[in-house]
Amino acid sequence: MSGIAIERASALKEKPASGSLGFGKYFSDHMFLLDYSTDKGWYDPRIVPFQNLSLSPAAMVFHYAQEVFEGLKAYRKADGSVQLFRPEANIKRMNDSCERLCIPKIDPELFLDALKTLVRTEISWVPGEPDTSLYLRPFVIATEPHVGVHASSSYIFAIIASPVGAYYAEGLNPVKIFVEAKDVRAVKGGTGQAKTGGNYAATLRAGLEAEQRGFSQVLWLDGINRKYIEEVGSMNVFFKFGDEIATPRLQGSILPGITRDSCLRILRDWGLNVTEREIDVAELANCTEAWGSGTAAVISPIGKIVYGETRYNINGGKIGELTQKLYDYLTGIQWGRIEDPYGWTCSVNS
Ligand code: COI
């Protein structure tokens with residue numbers, strides 16, 4: 001029996017039309033909340049109607065960005081049941097992020113119970129059309145009203161839910177990526193491997209410039225040599241060079257993506273030559289296929305990369321054979337079309 005209290009909304013929202021979902025625009029009727037104080041630890045787990053949070057303008061999250069978040073999805077299978085994909089991996093990564101940001105960790109069992117209870121409460125919000133899902137966004141914010149720089153003594157952990165379609169307007173059509181040479185996303189020793197809002201704030205300027213020039217996203221280079229590929233920000237990246245499939249090594253400034261890890265496992269099980277290493281941006285001249293991986297982005301083919309004056313057209317701007325095969329297999333597991341040999345999926349009812 002779950003210890004999570006449920007307060008139901010008195011009026012339910014109208015659901016958005018299935019074709020208009022996009023990404024992260026709509027929110028379901030309820031949310032999960034949990035409070036923290038130094039005296040009580042984490043307490044009062046509850047589901048409440050989706051609502052605004054009331055915070056002091058001095059709450060530390062507004063001033064020093066003490067915040068972490070996660071992203072995972074609930075998928076509707078053809079038989080109508082609903083499953084999560086590797087939630088334990090998101091729970092572990094969020095607690096790793098908490099450790100980096102001096103936020104008290106959350107009990108993994110309670111976290112999983114919260115995810116499943118919220119999805120069961122919002123089951124009618126899990127869309128059933130192809131390539132749609134209910135995106136779950138757990139996050140923790142520092143709430144202590146204090147403008148001295150130190151770790152907060154109080155926090156809110158919340159989970160909100162948003163029915164989503166494709167992250168990129170392009171869908172499965174290859175995206176255009178701009179290699180950023182001026183701004184840097186993260187450096188080793190910083191917070192690059194944690195999922196914290198500040199990492200994303202640092203990418204907005206270059207992202208806006210790239211968008212204005214017709215690109216979907218920015219590809220980040222390392223902050224020291226300014227030549228080794230890191231990640232895209234909303235996704236990790238993979239490149240095919242001849243027989244080798246390479247992805248940047250996790251060296252401290254790159255997000256340890258759960259979809260990245262799933263791709264590595266699948267590709268290795270397929271017997272392919274997969275490496276995690278430093279990738280010099282100049283190597284893109286030899287790249288025959290490229291894709292990004294992420295919970296939101298799923299597997300997103302990359303058709304064009306521009307670095308200064310150099311344009312790399314990858315696989316003639318079309319989705320590659322391996323990218324398509326990986327997309328079909330991974331999404332097959334996530335939506336339950338293919339048997340899951342890894343034990344990655346879990347029912348929200350178990
Ligand atoms: C995700 O893939 O879930 C992310 O958090 C990436 C992005 C939407 C910030």
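Our structure's up above, just so we're on the same page.
Residues numbered from 1 in each chain as written. Predicted model: local features only at pLDDT ≥ 70, side-chain atom pairs only at ≥ 80, totals over all residues. Heavy atoms only, no water.

> Outline unusual backbone geometry, listing residues and values.
In most cases, non-glycine residues show a negative phi, while peptide bonds are predominantly trans. For Ala65, which is not glycine, the phi dihedral falls at a positive 55 degrees. Relative accessible area serves as the criterion here: at 37%, Ala65 is assigned to the partly exposed category. The backbone of Asp131 shows a phi angle near 65 degrees, a positive value even though the residue is not glycine. Turning to its location among the elements, Asp131 is positioned in the loop between helix H3 (108-121) and strand E7 (133-142). For Asp131, a relative accessible area of 40% translates into the label partly exposed. (Buried < 20%, exposed > 50% of the residue type's maximum accessible area, 1.4 Å probe, protein only. Helix = DSSP H or I, 4+ residues; strand = E, 2+ residues; numbered from the N terminus.)

> Can you lay out the site of the ligand for me, pointing to particular residues and giving the numbers?
The local shell around the ligand consists of Phe69, Gly71, Tyr135, Arg137, Tyr167, Lys195, Tyr200, Thr295 and Ala296. Backbone polar atom of Thr295 to an oxygen atom of the ligand: 3.3 Å apart, as the coordinates give it. Expressed as a share of its isolated accessible area of 280 Å², the protein-covered part of the ligand is 89%. A molecule is said to occupy a pocket when more than half its atoms come within 2 Å of that pocket's grid points, and by this definition the ligand occupies the largest pocket. Both domain 1 (5-164) and domain 2 (175-334) contribute no fewer than three residues apiece to the shell around the ligand. (Near = heavy atom within 4 Å. Polar contact = N/O pair within 3.5 Å; in protein donor to acceptor, adjacent residues only side chain to side chain. Areas by Shrake-Rupley, 256 points an atom, 1.4 Å probe, with all protein chains shown as cover. 1 Å grid on protein atoms, 1.4 Å probe; cavity = no way out; pocket = protein on both sides within 12 Å on 5 of 7 lines; lining within 4 Å. Sits in = over half its atoms within 2 Å of the grid points. Domains from an automatic or database assignment.)

> Explain the packing of helix H2 (residues 87-100) against H3 to me, and be specific about the residues and the numbers.
Relative orientation of the contacting elements H2 and H3 amounts to 125 degrees, with a least axis distance of 10 Å. Classified by the angle between their axes, H2 and H3 sit oblique to one another. Considering how the two elements wind past one another, H2 and H3 form a crossing that is right-handed. Between H2 and H3, the residues in contact are Pro87, Ile91, Met94 and Asn95 and Pro108, Phe111, Leu112 and Leu115, respectively. Counted by class, the contact of H2 with H3 contains seven nonpolar, one polar and no charged residues. (Axes fitted to C-alpha atoms, helices over the stretch in contact; angles between N-to-C directions. Parallel < 35°, antiparallel > 145°, perpendicular 65-115°, else oblique. Left-handed = near helix turned anticlockwise from the far one by under 90°. Contact = heavy atoms within 4.5 Å. Nonpolar A, V, L, I, M, F, W, Y, C, P; charged D, E, K, R; others polar.)

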